[in-house]
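Working through the structure, step by step
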Amino acid sequence: MNVQEIVDALSLEVKTAKGDLSRTVTGCYISDLLSDVMANAKEGEIWITLQTHPNVVAVASLKNLGGIIVTNRRSPEAETLQKAENEGVVIAVSPLSTFEVGGMLYKMLRC
Amino acid sequence: MTRRNIEGSFHLSGGDFTNAGAASSELKSILTNLGINPEIVRRAAIATFEAEMNVIIHAVAGVMYYLITQDTIKVVLNDMGPGIPDIDRAMTEGYSTAPDWIREMGWGAGMGLPNMKKNSDRFKLDSVVGEGTTVEIIIRIKEGKTE
Ligand SMILES: Nc1ncnc2c1ncn2[C@@H]1O[C@H](COP(=O)(O)OP(=O)(O)O)[C@@H](O)[C@H]1O
Ligand SMILES: [Mg+2]
């Protein structure tokens, strides 16, 4: 499954790196603790979080994650979007909660 | 294949969250471009980023120095800052003195130092209260063959 298919299925709004949606997603990691994501998320996983500040881009890029989904109608800061665009990190947003987005992704990636 | 040693350094500014991670990202690209095993690069990225973040979060300013030899990646972070009064306590998973606003950013889980240690082959933490902290991370570069 790639990022584009997830974007379509979950009606996400893609904010950055629109050219990188063909990237394969291997799983999902959900956390708002950045050290936890550094320690436990795996390459290619899509990351669901409430965090919107620029450090999420560094985390996603250093861990080679498949992209970031920001939930609960939160808007990433301008600096975050700029950085993500520069580094080719996909950030997509959803009005739904982390539970709902995670639940839908669980079905898509596990069944 | 042999290559010459590669070394360099980055300046880190405490509180500069916007550029946080730039040094670790740059070092990761250098390691990747050298063709170093991705698993080794991954461990180096985790350890150096957590160390870089600690300077940004807890210190005033610092330097990240790296030396890549044939066999090892060595990264030393030297900062001017408050220092660490109790190293054993600081190394305990979950221990953090980060203030609320840092925790709201998702930092301050007290996992940084343990993560650095886990991802290093050798890890050293030295600190003088009121002066600063030095972190030394050494990761062996294992090439395909076993000796
Ligand atoms: N460079 C540093 N300067 C001063 N104190 C530090 C430094 N690095 C770590 N510490 C202290 O050690 C504690 C634990 O560090 P760490 O495991 O990285 O967790 P966190 O950064 O999430 O608090 C910090 O909360 C802080 O009190
Ligand atoms: Mg830390």
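To be clear, the structure that these remarks concern was listed above.
For clarity, every value in this text was computed on a predicted model and none was experimentally measured.

1. Here's the deal with the overall build of chain B
Across its full length, chain B holds five helices and five strands. When the helices and strands of chain B are placed in sequence order, the string is β-α-α-β-β-α-α-α-β-β. Relative to the 2.2 N^0.38 estimate, which gives 15 Å for 147 residues, the radius of gyration of chain B is 15 Å and therefore close to what a compact globule would have. The buried share of chain B, taken over its 147 residues, is 51%. By sequence separation, contacts in chain B at least 24 residues apart represent 67% of the contacts at least 6 residues apart. When the accessible surface of chain B is summed, it comes to about 7,700 Å², and 51% of that surface belongs to carbon and sulfur atoms. Averaging the coordinates of the 15 positive side-chain charges in chain B and doing the same for the 19 negative ones gives two points 8 Å apart.

2. Some remarks on the sheet that holds strand β2 (residues 27–30) of chain A
Residues and elements named next belong to chain A. The five strands lie next to each other as β1-β5-β4-β3-β2, forming an open sheet whose pairing is mixed. The open sheet terminates on both sides in strands that have one partner only, identified here as β1 (13–14) and β2. With two bridges joining them, β1 and strand β5 (residues 91–93) adopt antiparallel strand pairing. Its bridge partner being in β5, Glu13 is matched across the sheet by Val93.

3. Comments concerning the pattern of salt bridges
Residues and elements named next belong to chain B. Inspection of every chain in the model, using the stated rule, returns six salt bridges over all chains. In this structure, Asp121 and Arg43 form a salt bridge, with 3.3 Å as the shortest nitrogen-oxygen distance. Note that Asp121 is positioned in the loop between α5 (112–119) and β4 (122–128) and Arg43 in helix α2 (residues 38–58), a separation of 78 residues in sequence. For Arg43, a relative accessible area of 11% puts it in the buried group. Sharing partners across several salt bridges, the network here consists of Arg43, Asp121 and Arg140.

4. Points about the site of ligand 1
Residues and elements named next belong to chain B. The environment of ligand 1 is formed by 18 residues, the closest being Asn54, Asp79, Ser96, Thr97 and Leu113. Asn54 has a polar side-chain atom sitting 2.9 Å from an oxygen atom of ligand 1. Ala109 places a main-chain nitrogen or oxygen 3.3 Å from an oxygen atom of ligand 1. Out of a free accessible area of 520 Å², ligand 1 has 95% covered by protein chains. Taken together, the elements giving at least two residues each to the shell around ligand 1 come down to α2 and α5. For the shell around ligand 1, the leading source of residues is α5, giving three residues.

5. Section: the interface of chain B and chain A
Contact with chain B, which involves 22 residues of that partner, is made by 19 residues of chain A. Together chain B and chain A conceal approximately 1,600 Å² of surface at their shared face, both sides included; 56% is due to carbon and sulfur atoms. Taken as a group, B:Thr18, B:Phe49 and B:Met105 account for 28% of the area that chain B buries against chain A, more than any other trio of residues on that side. Counting the contacts that link chain B with chain A gives zero salt bridges. Summed over the shared surface of chain B and chain A, the number is 12 residue pairs in polar contact (both at pLDDT 80 or more). Among the elements of the structure, α1 (22–33), α2 and α5 of chain B are those that each provide at least two residues to the side of chain B that touches chain A. Broken down by element, the residue count for the side of chain B that touches chain A peaks at six residues, all from α2(B). Across the side of chain B that touches chain A, the residue classes break down as 10 nonpolar, eight polar and four charged.

Calculation notes
- Residues numbered from 1 in each chain as written.
- Chains lettered and ligands numbered in written order.
- Predicted model: local features only at pLDDT ≥ 70, side-chain atom pairs only at ≥ 80, totals over all residues.
- Heavy atoms only, no water.
- Helix = DSSP H or I, 4+ residues; strand = E, 2+ residues; numbered from the N terminus.
- Rg over C-alpha atoms; globule rule 2.2 N^0.38 Å.
- Buried < 20%, exposed > 50% of the residue type's maximum accessible area, 1.4 Å probe, protein only.
- Contact = heavy atoms within 4.5 Å.
- Areas by Shrake-Rupley, 256 points an atom, 1.4 Å probe, with all protein chains shown as cover.
- Lys, Arg positive; Asp, Glu negative; His and termini not counted.
- Charge placed at Lys NZ, Arg CZ, Asp CG, Glu CD.
- Pairing = 2+ DSSP bridges.
- Salt bridge = Lys/Arg side-chain N within 4 Å of Asp/Glu carboxyl O.
- Near = heavy atom within 4 Å.
- Polar contact = N/O pair within 3.5 Å; in protein donor to acceptor, adjacent residues only side chain to side chain.
- Buried area = accessible area lost by both parts, 1.4 Å probe.
- Nonpolar A, V, L, I, M, F, W, Y, C, P; charged D, E, K, R; others polar.

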